[in-house]
Amino acid sequence: MKNILVLIFLVFSSSVLAQSVQTFDIVSFSLASTWKKEAQQDWLAYRVENPAKKTYARILLYPSLPSSGNPETDFQKEWNDLIVSNYKPGQTIEESLSDYKDGWKAKIRVAPFVHNQVNQAVILLMLTDGKKKMSMVFLTNTEEFQKDFEDFGSSLKFASAPVQSTTTAPTTQVSGPPASVSNPKAPVQIDQKLIGKWNRSASVSPLFANAAEWGTSGYTTCRYEFFADGTYQYTERNFGFAYEDIILVRETGQYSADAGVLTISPANTQIERYGKKNGVDELGNLKEKKSRTPEKVAYRYQFHYFEGIGEWNLVLQADRPTQRDGNFSSNTTFPNAWYFDQRFTEVNLLK
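All of the points below concern the structure found in this document. Here the structure is a predicted model, which is why all the values come from computation and not from measurement. (Residues numbered from 1 in each chain as written. Predicted model: local features only at pLDDT ≥ 70, side-chain atom pairs only at ≥ 80, totals over all residues. Heavy atoms only, no water.)

## A short note on unusual backbone geometry
Counted only if it meets this: Per the convention used, a helix needs a DSSP run of H or I reaching at least four residues, while a strand needs a run of E reaching at least two, with both numbered from the N terminus. Only protein chains enter the accessibility calculation, which uses a 1.4 Å probe; a residue whose area is less than 20% of its type maximum is buried, one above 50% is exposed, and one in between is partly exposed.
Positive phi, close to 55°, is recorded for D25, a residue that is not glycine. In this structure, D25 sits in the loop between β1 (21-24) and β2 (27-30). Even without a glycine there, the phi angle at A259 is positive, about 55°. Of the residues examined, A259 reaches a relative accessible area of 76% and is grouped as exposed.

## Quick look at the pairing of strand β9 (residues 118-128)
Here is the rule: Paired strands, as defined in this entry, are two strands with at least two bridges between them according to DSSP.
Counting buried residues in β9 gives 9 out of 11 residues, a clear majority hidden from the surface. Note that strand β8 (residues 105-115) and β9 share 11 bridges and pair antiparallel. Across the sheet, the residue bridging to H115 is V118, located in β9. Between β8 and β9, which follow one another and run antiparallel, lie 2 residues, and N116 among them has a positive phi close to 55°. Sheet topology note: the β9/strand β10 (residues 132-140) ladder contains 8 bridges and is antiparallel. Paired with T128 across the strands is K133, a residue of β10.

## Comments concerning helix α2 (residues 71-87)
Counted only if it meets this: Expected span of a helix, by definition, is 1.5 Å for each gap between consecutive residues, and there is one gap fewer than residues. At every residue, the bend is computed as the angle between two fitted axes, covering the seven residues ending there and the seven beginning there respectively. Throughout, a residue-residue contact means that at least one pair of heavy atoms, one from each residue, lies within 4.5 Å. Within 3.5 Å is the distance limit for a polar contact, defined as a pair of N or O atoms, with the added protein rule that one can donate a hydrogen and the other accept it, and that residues adjacent in sequence qualify only through two side-chain atoms.
The end-to-end C-alpha distance of α2 is 22 Å, a good match for the 24 Å that 17 residues give at a rise of 1.5 Å each. Along its length, α2 reaches its greatest deviation from straightness, about 35°, at N80. Within α2, burial applies to D74, F75, E78, W79, L82, I83, N86 and Y87. Contacts made by the buried residues of α2 are with β6 (65-66), β8, β9 and β10. Here α2 starts with a cap whose side-chain oxygen sits 2.9 Å from the backbone nitrogen of E72, and that cap is N70.

Next up, the structure:
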């Protein structure tokens, strides 16, 4: 596979046939209809397979982030965060840094890795204009989809970051003073900017899953929904391609927010394990349902505006990882932090 994969560096000179145009974050791109979109989270993934040959390929697109201004520094961080931690790659086969288009540069690195005793290849493509960076990951165990990779790279076009009319954190209007569920006469300390749904996704295994069984490819999506009466709902969906089941977490309780501290007080937490319907990311039969010990946590919280992507994030920080939130984010803008945004909040995590 080595010699063929090296040719992927021609990705920027291929011609692209007429295909439907897709959009994600700050880029648009084209893919053949044979590529099927997987469950869209904060990141986006497409997959194509040849069942007769047991071959496949995947393309994963990750949201743009602020750049350090140094392509090599940016790339090494992306490689460590997205590739090393998930795929344990072997020695680099090839890499290249070159001009792409519209003032953007492209850095690519190709390396082998082994999954289920099958030799495979992982390719990281990072694009940067010195202010923003955006990464795409290509995975495959065959050479037959090389042309698809090339066409995808050639089709990429950049859009401007969303126009933000103000850099004041978003607010939600709440009619009437909120009151505690347990004591309707007592005011609840809440921050109106919290009210609503906040999502976080990561391509990692959950803390409560066996890492060896989970495999190297999957995702965990978490969602907080804060209500004006001081109650909250937490939902989590865990999907691993090599894992036979889908795991859901449902939690309800109360919260308070005062002086930059968000306190989460769970009343009920349930973990549910479902089979995979038709072997894909759809819930099959319920196999197990059990309670989890409620974990009360006081987070330091703030709202941070990422100019590179024109987006507000809810940033939660703690002294150590929690069973609810798992390990800290690889984004080091804030230490010991998890980042939540308000994209894809209408995706149903319970189907």
